[in-house]
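The primary structure of each chain is shown beneath.
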Amino acid sequence: VQLQASGGGLVQAGGSLRLSCVASGSIFGINNMGWYRQAPGKQRELVASITSGGSTNYADSVKSRFTISRDNAKNTVDLQMNSLKPEDTAVYYCRAVVVGVTRYEFTYWGRGTLVTVSS
């Protein structure tokens, strides 16, 4: 199973970006999907997550600015980021809890995509 993330880049404060992540490989189903980020010198933190049923969870710092969504048929998860702030600058990682064809559950991470917000 591989997770491929895309959509990072450089944006001015107040701008928007959309991150996308697609899971591929031997997948029976995907439970929780989410986005995490890691800023220089800081620990990786949860940004937003979404269950297969569509229930979402957001970090307080991004509530009302970011929206997570997923397409279960396409095994994708997106993160729409609006009103970006310099403190949102980080490498963003896609994460998925995948049920394989063996019916066992594994957690996979994408390689990360850099988001830089200039002031």
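Residues numbered from 1 in each chain as written. Predicted model: local features only at pLDDT ≥ 70, side-chain atom pairs only at ≥ 80, totals over all residues. Heavy atoms only, no water.

Engineer: An account of the packing of aromatic side chains is needed here, citing residue identities and associated values.
Structural biologist: For the coordinates displayed, the defined rule picks out 1 aromatic pair. Measuring from ring centre to ring centre gives 5.0 Å for tyrosine 36 and tryptophan 109, while their planes differ by 65°; the resulting arrangement is edge-to-face. Taken together, the residues span a long stretch of sequence, with tyrosine 36 in strand β4 (residues 29-38) and tryptophan 109 in strand β10 (residues 105-109) at a distance of 73 residues. In this structure tryptophan 109 comes out as partly exposed when scored by relative accessible area, which is 36%. Sitting above the plane of the tryptophan 109 ring, arginine 44 keeps its charged end 4.7 Å from the centroid. (Phe/Tyr/Trp six-rings, centres within 6.5 Å; stacked < 30°, edge-to-face > 60°. Helix = DSSP H or I, 4+ residues; strand = E, 2+ residues; numbered from the N terminus. Buried < 20%, exposed > 50% of the residue type's maximum accessible area, 1.4 Å probe, protein only. Lys NZ or Arg CZ within 6 Å of the ring centre and 35° of its normal.)

Engineer: Any details on the state of the cysteines? Residues and values, ideally.
Structural biologist: Counting across every chain of the model gives 1 disulfide. Linked covalently through their sulfurs, cysteine 21 and cysteine 94 form a disulfide whose S-S length is 2.1 Å. Residues cysteine 21 and cysteine 94 are joined by a disulfide whose S-S torsion is about -85°; by sign, that bridge is left-handed. Here cysteine 21, found in strand β3 (residues 17-24), pairs with cysteine 94, found in strand β9 (residues 90-99); they are 73 residues apart in sequence, far enough to count as distant. (Disulfide = S-S within 2.5 Å.)

Engineer: Describe unusual backbone geometry, naming the residues involved and giving the relevant values.
Structural biologist: Of all residues except glycine, most have a negative phi; of all peptide bonds, most are trans. The backbone of serine 83 sits at a positive phi, close to 50°, despite the residue not being glycine. If you trace the backbone, serine 83 turns up in the loop between β8 (76-81) and β9. Of note, arginine 103 is a non-glycine position whose phi angle comes to about 75°, a positive value. Along the chain, the position of arginine 103 falls in the loop between β9 and β10.

Engineer: Describe the sheet that holds strand β1 (residues 2-6), with residues and values.
Structural biologist: Taken in spatial order, the 4 strands of this open sheet run β1-β3-β8-β7, and their pairing is antiparallel. Two strands lie at the open edges of the sheet, namely β1 and β7 (66-71), each paired on one side alone. Across the sheet, the mean angle separating the axes of adjacent strands is 15° when strand polarity is ignored. (Pairing = 2+ DSSP bridges. Axes fitted to C-alpha atoms, helices over the stretch in contact; angles between N-to-C directions.)

Engineer: Describe in detail the side chain of aspartate 88, supporting the description with residues and values.
Structural biologist: Checked against the element boundaries, aspartate 88 lands in the loop between β8 and β9. With residues near it in sequence (within four places) discarded, aspartate 88 still touches Arg37, Arg65, Phe66, Ser83, Val115 and Val117. (Contact = heavy atoms within 4.5 Å.)

Honestly, that's just the spatial picture; any functional story needs more than this.
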